[in-house]
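Coordinate analysis (summary)
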Amino acid sequence: MSDFPALADLYLAVRRSTFAWLPASLFQREDFFRDTQGECVWVAVHDRRIIGFASVYLESAFLHSLYIAEDAQGSGIGSSLLDHVIHTTPGRVTLKCLTFNRAAQAFYAARGWSVIGSGESAHGPYLTFEAPI
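Everything in this summary refers to the structure shown in the same document. (Residues numbered from 1 in each chain as written. Predicted model: local features only at pLDDT ≥ 70, side-chain atom pairs only at ≥ 80, totals over all residues. Heavy atoms only, no water.)

**Examining the overall build of the protein chain**
Note the threshold: Put simply, DSSP marks the helices as runs of H or I at least four residues long and the strands as runs of E at least two long, and each gets a number from the N terminus on. Note that the radius of gyration is over C-alpha atoms, with the globule rule given as 2.2 Å times the number of residues to the power 0.38. Only protein chains enter the area calculation, which uses a 1.4 Å probe; residues under 20% of their type maximum are buried, those over 50% are exposed, and those in between are partly exposed. Any two residues having at least one pair of non-hydrogen atoms within 4.5 Å are treated as being in contact.
Scanning the protein chain for helices and strands turns up four helices and six strands. Taken against the 2.2 N^0.38 rule, which gives 14 Å for 133 residues, the C-alpha radius of gyration of the protein chain at 14 Å falls within 12% of a compact globule. Overall, the C-alpha framework of the protein chain stretches about 35 × 35 × 30 Å when taken along its three principal axes. The buried share of the protein chain, taken over its 133 residues, is 43%. Long-range contacts, defined here as pairs at least 24 residues apart, represent 51% of the contacts in the protein chain between residues at least 6 apart.

**A look at the environment of Gln73**
Stated formally: Definition of a polar contact: a pair of N or O atoms within 3.5 Å, with one able to donate and the other able to accept a hydrogen when the atoms are protein atoms, and with sequence-neighbouring residues admitted only if both atoms are side-chain atoms.
Within the element layout of this structure, Gln73 appears in the loop between β3 (62-68) and α3 (77-88). Taking the C-alpha atoms as reference, Gln73 lies 17 Å from His84; in sequence the two are eleven residues apart. If sequence neighbours within four positions are ignored, Gln73 has contacts with Val14 and Ile68. Side-chain polar atoms of Gln73 contact the backbone oxygen of Ile68, separated by 2.9 Å.

**Looking at the nonpolar core**
Which entries qualify depends on this criterion: Only buried Ala, Val, Leu, Ile, Met, Phe, Trp, Tyr and Cys residues count toward a nonpolar core, and they belong to the same one when joined by side-chain atoms within 4.5 Å.
In this structure, Leu63, Leu66, Tyr108 and Trp113 are the most contacted members of the largest nonpolar core, which totals 38 residues. When contributions to this core are tallied by element, the ones reaching two or more residues are α1 (4-18), β1 (40-46), β2 (49-57), β3, α3, β4 (94-98), α4 (102-110) and β6 (124-130). Counting residues per element, this core draws most heavily on α1, at six residues. In contact with Tyr108, not counting residues within four places along its chain, are Leu63, Leu66, Leu82, Leu95, Trp113 and Phe129.

**Let's talk about α4**
Under the convention used in this document: The directions considered for the arc are those from the helix axis to the C-beta atoms.
Taken together, the buried positions of α4 are Ala104, Gln105, Phe107 and Tyr108. All buried residues of α4 project into a common sector of 160 degrees when viewed along the axis, lining one side. In α4, the exposed residues that point more than 90 degrees away from the buried face are Arg102, Ala103 and Ala110. Along its buried surface, α4 packs onto β3, α3, β4 and β6. Once α4 ends, the next one or two residues include Gly112, with phi positive near 90 degrees.

Laid out in structure tokens, this is it:
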């Protein structure tokens with residue numbers, strides 16, 4: 001797909017700024033290709049520039065990634081992508097959010113998502129959220 005290089009750049013930039021408690025060197029551009037393999041990826045474009053994306057593992061209705069370019073955050077793109085995911089993914093959509101990512105937790109809670117569990121990952125503790133009915 002011709003959008004993959006731009007998506008990989010966006011993924012890398014937002015992860016490095018969002019997960020500031022982790023070493024930036026932990027994240028590589030190539031991660032995008034591995035992390036979205038087998039997932040459905042929806043892309044948000046404005047003025048021919050990719051400004052966000054969501055990737056979902058459809059078999060389990062799991063929202064694996066929702067990333068918005070820093071200069072487009074707060075513009076409603078994330079909410080639009082999230083709504084699209086909920087309305088086009090069969091089943092009740094879930095996601096994991098690292099507990100240190102307070103902004104993302106607030107984003108999902110404000111949109112009616114509920115915490116249904118927690119766990120530990122290689123990048124720290126996380127909460128599992130479920131989409132509203």
